[in-house]
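Spelled out from the first residue to the last, the chains are:
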Amino acid sequence: MKGFREIDTDPLRNSAVKKSDFDNSPKNSPGSVSSEAEPSIRHSNHKKSEAIWSVIWPTTIPIFGISNSNRTESESKNSGGSVIRKKSSSGSKNYYEGWRGAVRRVMMNGVTMRRIWGFSRATTSSSKSNIWLLGVCYQVSQEGEESSSDPTQSEGFAAFVEDFSSRVLITYRKGFSPIGDSKYISDVNWGCMLRSSQMLVAQAFLVHKLGRSWRKSPHKPLDQTYVEILHLFGDAEDSPCSVHNLLQAGKAYGLAPGSWVGPYAMCRTWESLVRNKKEEIGNNGVLASTMALYVVSGDEDGERGGAPVVCIEDVLRHCSEFGGGQVDWAPILLMVPLVLGLEKVNPRYLPLLSATFTFPQSLGILGGRPGASTYIVGVQDEKAFYLDPHEVQQVIDIKRDNLDLDTSSYHCNVVRHIPLDSIDSSLAIGFYCRDKSDFNDFCARASELIDQSNGAPLFTIAETRTSAKPAGNNNTEIEDNNTADNDLATENCAQEDDWQLL
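Residues numbered from 1 in each chain as written. Predicted model: local features only at pLDDT ≥ 70, side-chain atom pairs only at ≥ 80, totals over all residues. Heavy atoms only, no water.

Participant: How would you sum up the overall build of the protein chain? Please name residues and give values.
Facilitator: When helices and strands are tallied, the protein chain shows 16 helices and 16 strands. Counting across all 502 residues of the protein chain, residues that qualify as buried make up 57%. Across the protein chain, every contact between residues at least 6 apart in sequence was considered, and the portion connecting residues at least 24 apart equals 74%. (Helix = DSSP H or I, 4+ residues; strand = E, 2+ residues; numbered from the N terminus. Buried < 20%, exposed > 50% of the residue type's maximum accessible area, 1.4 Å probe, protein only. Contact = heavy atoms within 4.5 Å.)

Participant: Which residues make up the side chain of aspartate 388, and what values do they have?
Facilitator: Within the secondary structure layout, aspartate 388 lies in the loop between strand 12 (383-387) and strand 13 (391-394). Among the polar contacts listed, one links the side chain of aspartate 388 to the side chain of histidine 390, at a separation of 2.6 Å. (Polar contact = N/O pair within 3.5 Å; in protein donor to acceptor, adjacent residues only side chain to side chain.)

Participant: Can you lay out unusual backbone geometry for me, pointing to particular residues and giving the numbers?
Facilitator: Leave glycine aside and you will find that most residues have negative phi; peptide bonds, for their part, are mostly trans. Its identity as a non-glycine residue notwithstanding, asparagine 189 has a phi of 75 degrees, on the positive side. By secondary structure assignment, the location of asparagine 189 is in the loop between strand 6 (173-174) and helix 8 (192-210). Backbone geometry places asparagine 454, a non-glycine residue, at a positive phi of 55 degrees. Within the fold, asparagine 454 resides in the loop between helix 15 (436-451) and strand 16 (460-462). In this structure asparagine 454 comes out as exposed when scored by relative accessible area, which is 75%.

Participant: Any details on the packing of aromatic side chains? Residues and values, ideally.
Facilitator: Per the stated rule, a full pass over the model turns up 15 aromatic pairs. Relative to phenylalanine 160, the ring of phenylalanine 157 lies with its centre 5.5 Å away and its plane at 55 degrees, an arrangement referred to as tilted. Remark: phenylalanine 160 and phenylalanine 157 occur in helix 7 (residues 155-166); sequence separation between them is three residues, near one turn of the helix. Assigned by exposure class, phenylalanine 157 and phenylalanine 160 land together as buried. Between phenylalanine 205 and phenylalanine 233, the ring centres sit 5.9 Å apart and the planes meet at 55 degrees, which makes this aromatic pair tilted. Of this pair, phenylalanine 205 sits in helix 8 while phenylalanine 233 sits in the loop between helix 9 (224-232) and helix 10 (243-249), placing them 28 residues apart in sequence. (Phe/Tyr/Trp six-rings, centres within 6.5 Å; stacked < 30°, edge-to-face > 60°.)

Participant: Can you tell me about the nonpolar core, naming the residues and giving the values?
Facilitator: A general tendency of soluble globular proteins is for nonpolar side chains to be buried together. With 66 residues, the main nonpolar core has Phe160, Phe205, Phe233, Met266, Trp270, Leu333 and Leu387 as its most contacted residues. Those residues in contact with phenylalanine 160 that lie beyond four places of it in its chain are Ile131, Leu133, Tyr138, Phe385 and Val415. Val310, Val336, Phe431 and Ile450 belong to the second-largest nonpolar core, a separate cluster that totals 48 residues. (Core = buried A, V, L, I, M, F, W, Y, C linked by side-chain atoms within 4.5 Å.)

Participant: Help me get a handle on the packing of helix 8 against helix 9, residues and values and all.
Facilitator: Contact geometry for helix 8 and helix 9: axes closest at 10 Å, N-to-C directions at 155 degrees. Between helix 8 and helix 9, the interaxial angle falls into the category roughly antiparallel. For the element pair helix 8 and helix 9, the recorded crossing hand is right-handed. The segment helix 8 lies against helix 9, with Ala202, Phe205, Leu206, Lys209 and Leu210 engaging Thr225, Tyr226, Ile229 and Leu232. In the contact of helix 8 with helix 9, the residues fall into seven nonpolar, one polar and one charged. (Axes fitted to C-alpha atoms, helices over the stretch in contact; angles between N-to-C directions. Parallel < 35°, antiparallel > 145°, perpendicular 65-115°, else oblique. Left-handed = near helix turned anticlockwise from the far one by under 90°. Nonpolar A, V, L, I, M, F, W, Y, C, P; charged D, E, K, R; others polar.)

Participant: Which residues make up the pattern of salt bridges, and what are the values?
Facilitator: Counted under the stated rule, the structure contains ten salt bridges. One salt bridge connects arginine 215 with aspartate 163, and the closest N-O pair in it is separated by 3.3 Å. Highlighted residues: arginine 215 in the loop between helix 8 and helix 9 and aspartate 163 in helix 7, separated in sequence by 52 residues. Each member of the pair, arginine 215 together with aspartate 163, is buried. Linking glutamate 271 and arginine 268 is a salt bridge whose minimum nitrogen-to-oxygen distance equals 2.7 Å. Residue glutamate 271 and its partner arginine 268 are both found in helix 11 (residues 263-276); the two are separated by three residues, about one turn of the helix. The class of glutamate 271 is buried, set by a relative accessible area of 14%. Via salt bridges that share partners, Asp163, Arg167, Arg212 and Arg215 belong to a single interconnected network. (Salt bridge = Lys/Arg side-chain N within 4 Å of Asp/Glu carboxyl O.)

Participant: So, helix 9: which residues are in play, and what are the values?
Facilitator: In terms of burial, helix 9 is largely enclosed, as seven of its nine residues are buried. For helix 9, the elements touching its buried residues are helix 8. Two or three places before threonine 225, at the start of helix 9, stands the capping residue aspartate 223, its side-chain oxygen 2.8 Å from that residue's backbone nitrogen.

Participant: Describe the side chain of serine 166, and please don't skip the residues or the numbers.
Facilitator: Topologically, serine 166 is positioned in helix 7. Judged by relative accessible area, which is 0%, serine 166 ranks as buried. Polar side-chain contacts of serine 166 include one of 3.0 Å to the backbone nitrogen of lysine 216.

Participant: Residues and numbers for helix 15, please.
Facilitator: Along an α-helix, residues three or four positions apart point the same way, because every turn accommodates 3.6 residues. Counted at 1.5 Å a residue, the expected span for helix 15 with its 16 residues is 22 Å, and the 23 Å between its end C-alpha atoms agrees. Along helix 15, the residues classified as buried are Asp438, Phe439, Phe442, Cys443, Ala446, Ser447, Leu449 and Ile450. (Expected span 1.5 Å × (residues − 1).)

Participant: So what about the packing of helix 8 against helix 11? Which residues, and what values?
Facilitator: Put simply, helix 8 and helix 11 touch, their axes get as near as 11 Å, and they point 55 degrees apart. As summarised for this structure, helix 8 and helix 11 are arranged oblique, according to the angle between their axes. Once helix 8 is placed against helix 11, the crossing between them reads as right-handed. In contact with Met193, Leu194, Ser197, Gln198 and Val201 of helix 8, helix 11 contributes Pro263, Met266 and Trp270. Within the contact of helix 8 with helix 11, the residues separate by chemical class into six nonpolar, two polar and no charged.

Here you go:
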């Protein structure tokens, strides 16, 4: 992610002119699974896509569009990180029978599974391992099922796709008002880090206002709160979390229209935006009661080296300041910028990164391939599932009170994944803690992860800045080892990119 420079051979540049190829690509098929070597720019053509798929799929059978009425009560209760086991019901049985019937009809008409799913059976993993998506576990294979059964046709996988497609997708946009005094009316080819960070923060707002078990139903009217959340990330100055306002807030960290930025500067930009716009955001309807934001850093300034430390004393201070001293605790968004190697992530950190997706507080990872930032939301075995911002779409004017708004461009049914070990070593992890007990649970889970890290944790937990050792951890060498590793990565990173401060 160092500098996000794009060279002439980068598909991000070369693919921009291949509009017709992307319009007809199977990657845009609803409910499909795709393994991509590199995220790429795509131009949307929703009407054309809908026309094609209306021929293939009956309009009365949604692809993975499971309504809330078919979701079991146990799913809602288990959304805090436990395994999802969906019980069969007459409704869900009829739904999946109809779905499989649609597949059979398509096959009889000569359409291949590659056309439907967007993948080849020979090249796509048939793993039956559990999928972890932002703190929720989905079993794609149940006990007693035939070993030859396709896990992508299981109810567990359908529930995963429903959850995945309910996450907010924010992509490149074109046609918005100029940013500040510049002439930029689009963020194509340079705004992927901003868009990826918007997705992570949007997920925090979704959990904060609607809960982790919320799903976008294609059969129900839009929720007022949901529309108001989307408005926050609109592409205009009156949207508090827009690209326009992010660039204004991040000037001190090198943000400017047309330039690339790293995860650390992006996290600090959000911190500045929330601090500077607190009153404006707080009075903005859906955010009448919003959240504090804390960037986890390696030292008091967070600008050079050191193992990132979640300082409990600092978190309490942030919450108190946010509440104006009237409350001891406020919901809080934790952002943890990291450098975990020189080029790719050091392999010893990969199991720890995967484990963070099991935290009920998980908001995923801001990261991706070098030069192509994405929003990583889940893992299965060695794969990382992500939402890709590299799709050029026309700007949409999102009004807070417009419940007839077409929000399809803010969601994605195409499940893409890349090898977890291929992501850039410069990344940021997000967590959301609703209350004090939720934060205590996060600290307990993080401490367990520290104990399992063999002296190289992602971050540590400490009661105060002057603590002799991380809270809940007996390994006194952890902080020194992680500091040396981060310092080495930071030194190399600083030589390549002057702006990278981590």
